[in-house]
Amino acid sequence: MNDKELVAHAALEYVKDNSIIGLGTGSTANIFIEMLAEKIRSRSLDISVVASSVSSQQKAHDAGLKYISLDQITEIDLYVDGADEITNNLEILKGRGFDLIREKLLAKISKQFIVIGDNSKIVSKIGQNYPIPIEITPIAWKITKNLIEKIAKKCIVRGNMEKNAFAITSYGNFVLDCEFLYTDLNILEKEIANTPGVFEHGLFLNMSKLAIIANSGEVKKITN
Ligand code: 5RP
């Protein structure tokens, strides 16, 4: 198994019968979804899933999983998702996908949120490899961008795949990708969240107590 398969497989251990599981988004989460479907089939488990994005919903559908929608739940047992950056203190950066709102909701309402990834995701400081994504209202995007720019080093509106318009999230919003010079991530998180026009952002602080990481075939756990 490669590193992404190893961490997805290790997360399967936390799957219990008669539970609701939140499905993450991205290549690592996709592997988990396939392995989960296989586990459910082979052991005849009664598991429902809820998806963190349009693409993981499609993946769940293709894998034949029993799907429930977000408006039918207030709590889930387990949420397994990838990440873009993970520190040894379990500060997590997510959001290269377009569904920050759903991802944050699932992380918040899960009894356990497990982050899985290969060693390339480990950083000493959040923002080291990727900008911080911020989902904002399109109706006043210039105002919100301008306000965020007062605290950011650099900020761009994320473009779509075709590079001919802004990217649109599944809730019809725009995404800013911003670089910050900061000393305290918790303070930065509050400043971003308190900016008018911001719906959600990619900082997941104090949300996960377990990350499963693989490095050249060796699996390790970061716990909090
Ligand atoms: C999507 C995410 C993904 O989990 C993150 O981008 C990791 O993706 P991958 O497993 O493909 O590296 O946060 O919003």
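Just so you know, these numbers come straight off a predicted model, no measurement behind them.

On to the sheet that holds strand E8 (residues 132-136). Adjacent strands of a sheet pair through backbone hydrogen bonds, lying either parallel or antiparallel. Ordered by their spatial adjacency, four strands build an open sheet running E9-E10-E8-E11, and the pairing between neighbours is antiparallel. Across the chains shown, the open sheet's two edge strands, defined by having one partner strand only, are strand E9 (154-157) and strand E11 (198-201). Sheet twist, expressed as the mean angle between neighbouring strand axes with direction ignored, is 25 degrees. Taken together, the four bridges between E9 and strand E10 (residues 174-179) define a ladder with antiparallel strand orientation. Bridge pairing in E10 links Ile 156 to Asp 177. Of the strands in this sheet, E8 and E11 are in contact with helix H4 (residues 100-109), which crosses E11 at around 60 degrees.

Bringing the state of the cysteines into the picture now. For the structure on display, the rule yields one disulfide. In this model, Cys 155 is linked to Cys 178 through a disulfide, with the two sulfur atoms separated by 2.1 Å. Of this pair, Cys 155 sits in strand E9 while Cys 178 sits in strand E10; the two residues are 23 residues apart in sequence, bridging distant segments of the chain. Of the two residues examined, Cys 155 and Cys 178, each falls in the buried class.

The next subject is the domain arrangement of the protein. For the protein, the assigned domains are domain 1 (3-124 + 205-223) and domain 2 (132-201). With 16 residues of domain 1 at the interface, the matching set in domain 2 holds 18 residues. Summing both sides of the interface, domain 1 and domain 2 together bury roughly 1,400 Å²; the carbon and sulfur share of this comes to 62%. A per-residue breakdown of the area domain 1 buries against domain 2 is headed by Phe 98, Leu 100 and Ile 101, which together make up 44% of the total. At the boundary of domain 1 and domain 2, one finds two salt bridges. In this structure, Asp 177 engages Arg 96 in a salt bridge whose closest nitrogen and oxygen atoms are separated by 3.3 Å. Applying the counting criterion to the domain 1 and domain 2 interface returns seven residue pairs in polar contact (both at pLDDT 80 or more). In terms of residues, the side of domain 1 that touches domain 2 owes the most to one element, H4, which gives four residues. Considering only residue class, the side of domain 1 that touches domain 2 consists of seven nonpolar, three polar and six charged.

For Asn 18, which is not glycine, the phi torsion reads 55 degrees and is therefore positive. Inspection of the secondary structure puts Asn 18 in the loop between helix H1 (3-12) and strand E1 (19-23). Relative accessible area serves as the criterion here: at 58%, Asn 18 is assigned to the exposed category. In this model, Ser 44 sits at a positive phi of 50 degrees, which is unusual for a non-glycine residue. When you line up the elements, Ser 44 lands in the loop between helix H2 (27-43) and strand E2 (47-51). When its relative accessible area of 64% is taken as the criterion, Ser 44 is described as exposed.

Reading the values: rules and limits
- Residues numbered from 1 in each chain as written.
- Predicted model: local features only at pLDDT ≥ 70, side-chain atom pairs only at ≥ 80, totals over all residues.
- Heavy atoms only, no water.
- Pairing = 2+ DSSP bridges.
- Helix = DSSP H or I, 4+ residues; strand = E, 2+ residues; numbered from the N terminus.
- Axes fitted to C-alpha atoms, helices over the stretch in contact; angles between N-to-C directions.
- Contact = heavy atoms within 4.5 Å.
- Disulfide = S-S within 2.5 Å.
- Buried < 20%, exposed > 50% of the residue type's maximum accessible area, 1.4 Å probe, protein only.
- Domains from an automatic or database assignment.
- Buried area = accessible area lost by both parts, 1.4 Å probe.
- Salt bridge = Lys/Arg side-chain N within 4 Å of Asp/Glu carboxyl O.
- Polar contact = N/O pair within 3.5 Å; in protein donor to acceptor, adjacent residues only side chain to side chain.
- Nonpolar A, V, L, I, M, F, W, Y, C, P; charged D, E, K, R; others polar.

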